[in-house]
Amino acid sequence: MKSPYLSDVWQFLRTLSAGKIMNILRIQLSYGISLLRKKPVVWGNPYSISVEPVDFCNLSCPECPAGTGLLTRPKRSLDAGLFDKILNETAPTLAYLMLYFQGEPYLHRKIFTLIQMSVQRGVYTAISTNAQLINDSYAEQTVRSGLHRIIISMDGITQETYEAYRRKGQLEKVLEGIANLRRWRKRLKSATPFIIVQFIVFRSNQHQLNDVQVFAMTAGADKVEIKTAQLYDFENGNPLMTEIDRYSRYRKTGDGRYEIKSKLPNRCFRLWNGTVITAAGNVVPCCFDKDAAATMGNVDSQPLPYIWKNKRYMQFRQNILHNRKNYNMCRNCTEK
């Protein structure tokens, strides 16, 4: 039996073209030159893009601006026509597209159309979801859409630990969603989507770390990823913060306060290899800019390749190369 992991690698490789590979090499080379010169040089287009289908959610996770209602930007759903424009401008050099930023993607009324549009352009396409809506019909449509990868949040292997963070969520629906995807993948003899269960480590679920791998794989996952939690209020500690140092982004200082472990060097590869586009079409530098405070332009009025190298974006890169700690979004980042 072919390994699901090797099958996923093959699915990615078969979407690559000479143009995409050359674009990746150009970006990596220009990033290296930028670090040496301490001045941004950008050759090529972003090869990894996150596009937000919706910026609202059906859960109320305490550290999620969308779930808690703390996002100041209006609730929006991505226009399919705007998404088509994005693909027209990026598909020839785009290696990876994530249909997620804030919000729950399956709340978009045309989510399967969006997936198909991307897949049909030859782009490796992924989605991240809480899986509360993946009933039998949605699972069938997901598999038929050609989606390459699906990341499912499952931060607990009992209902008690799961809902400690995924508030309003039901673990049973997550497990049903995984089972539905596996059943339709088998029924349609499809190699996709590759199913990843993501387990974010909190104090409430840290005792389940040794069991989550077996639990999730038994449920039907192809892979389990353990992820550290990003917390907004961490300086004075946070009840969600895990006590396991290996899985914490933060460390306690001599005065009893907490700081991020990363030394925040003056560099960030994310600003060269990818970008994020909100449901309203605003282009932001990375996924840490939840409220789109550092908007570089809007793809509804300007081409993304132009925004990617405009004066504002280049100045932002320049500032990061000299004093990354000046930006709030960077001070809680693990990018090294």
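Owing to the predicted nature of the structure, the values given are computational and were not obtained by experimental measurement.

Asks: Even after reading the chapter, I still don't get the side chain of Thr93, so can you show me in this structure?
Replies: By secondary structure assignment, the location of Thr93 is in the loop between helix H4 (80–90) and strand E2 (96–99). With relative accessibility at 13%, the residue Thr93 sits in the buried group. Setting aside its immediate chain neighbours within four residues, Thr93 contacts Gly19, Lys20, Asn23, Asn45, Pro46 and Tyr47.

Asks: I'm lost on unusual backbone geometry in this one. Help?
Replies: As a rule of thumb, non-glycine residues mostly have phi less than zero, and peptide bonds are mostly trans rather than cis. In this structure, Pro193 follows Thr192 across a cis peptide bond, with omega equal to 5°. One non-glycine residue with positive phi stands out, namely Lys38, at about 60°. By the secondary structure assignment, Lys38 is in the loop between helix H2 (18–37) and strand E1 (48–51). On the basis of relative accessibility, which here comes to 33%, the residue Lys38 falls in the partly exposed class. Although it is not a glycine, Leu264 sits at a positive phi angle of roughly 50°. Examined against the element boundaries, Leu264 turns out to sit in the loop between strand E8 (258–260) and helix H10 (270–273). A residue is classified by how much of its surface remains accessible, and Leu264, at 8% relative accessible area, is buried.

Asks: Can you help me understand the side chain of His148 in this one?
Replies: In this fold, His148 is placed in the loop between helix H6 (136–145) and strand E4 (149–153). On the accessibility criterion, His148 (6% relative accessible area) is buried. Setting aside its immediate chain neighbours within four residues, His148 contacts Asp8, Gln11, Thr15, Val119, Val123, Tyr124, Thr125, Thr192, Pro193 and Phe194.

Asks: Mind showing me how you'd approach the environment of Leu94 here?
Replies: Mapped onto the elements of the fold, Leu94 is located in the loop between H4 and E2. Discounting chain neighbours no more than four positions away, the residues touching Leu94 are Lys20, Pro46, Tyr47, Ser48, Ile49 and Val123.

Asks: Just to check I follow, could you spell out the packing of aromatic side chains for this structure?
Replies: By convention here, two paired aromatic rings are described through the distance between centres and the angle between planes. In this structure the tally under the stated criterion is 11 aromatic pairs. By way of ring pairs, the aromatic residues Phe12, Tyr96 and Tyr124 are connected into one cluster. Just above the ring of Trp272 sits the side chain of Arg317; from NZ or CZ to the centre is 5.8 Å. The ring of Tyr313 is capped by Arg317, whose NZ or CZ atom sits 4.1 Å from the centre of that ring.

Asks: Would you mind going over helix H12 (residues 311–323) with me for this structure?
Replies: In an α-helix, one full turn covers 3.6 residues, which means residues spaced three or four apart are oriented alike. A rise of 1.5 Å per residue sets the reference length of H12, with its 13 residues, at 18 Å; its end C-alpha atoms lie 18 Å apart and thus fit the reference within 8%. Along H12, the positions that sit buried rather than exposed are Tyr313, Phe316, Arg317, Ile320 and Leu321. Buried residues of H12 fall within an arc of 135° about the axis and therefore sit on the same side. More than 90 degrees from the buried face of H12, the exposed residues found are Lys311 and Arg312. Each element contacted by the buried residues of H12 is listed here: H2, H10, strand E9 (274–277), strand E10 (282–284) and helix H11 (304–308).

Asks: Just to check I follow, could you spell out the layout of surface pockets for this structure?
Replies: Unoccupied space between atoms shows up once a probe the size of one water molecule is rolled over them. By volume, the largest pocket is sized at about 1300 Å³. As for the largest pocket, its lining consists of 44 residues, of which Tyr100, Gln198, Lys227, Cys287 and Lys290 are closest to the centre. Going through the elements one at a time, E1, E2, strand E3 (124–129), E4, strand E5 (194–201), strand E6 (223–228), H10 and E9 are the ones with two or more residues in the lining of the largest pocket. Split into classes, the residues belonging to the lining of the largest pocket amount to 20 nonpolar, 15 polar and nine charged. Quantified by volume, the second largest pocket comes out at close to 560 Å³. Considering the residues around the second largest pocket, the lining is formed by 25 residues, among which Gln230, Tyr232, Phe288, Asn328 and Met329 are closest to the centre.

Criteria and thresholds
Each chain has its residues counted from 1, following the order in which its sequence is written. Selection of residues for local features in this predicted model requires a pLDDT of at least 70, selection of side-chain atom pairs for listing and counting requires 80 or more, and totals for whole chains, interfaces and linings are taken over all residues. Side-chain descriptors were evaluated using all non-hydrogen atoms of the structure, hydrogens and water having been removed beforehand. Strands here are runs of E lasting at least two residues and helices are runs of H or I lasting at least four, both read from the DSSP assignment and numbered beginning at the N terminus. Each residue is assigned to one of three classes by its accessible area relative to the maximum for its type, calculated with a 1.4 Å probe on protein chains only: buried under 20%, partly exposed between the two thresholds, exposed over 50%. Note on contacts: a residue pair is in contact if any heavy atoms of the two residues lie within 4.5 Å. What counts as a ring pair is set by centres within 6.5 Å for rings of Phe, Tyr and Trp (its six-membered ring), and what kind of pair is set by the plane angle: stacked under 30 degrees, edge-to-face over 60, tilted for all other angles. Note on criteria: charge over ring means Lys NZ or Arg CZ within 6 Å of the ring centre, with the direction from the centre no more than 35 degrees off the ring normal. One fewer than the residue count of a helix, multiplied by 1.5 Å, yields its expected span. Throughout, the arc means that of the directions going from the helix axis to the C-beta atoms. Here a cavity denotes grid points, spaced 1 Å and computed from the protein atoms alone, that fit a 1.4 Å probe unable to get out, and a pocket denotes an open set having protein on both sides within 12 Å along at least 5 of 7 lines; residues with an atom within 4 Å of a point are the lining. Grid points are joined across faces, edges and corners, and a volume is the space filled by probe spheres set on the points. In the scheme used here, Gly and all other residues not listed as nonpolar or charged are polar, with Ala, Val, Leu, Ile, Met, Phe, Trp, Tyr, Cys and Pro taken as nonpolar and Asp, Glu, Lys and Arg as charged.

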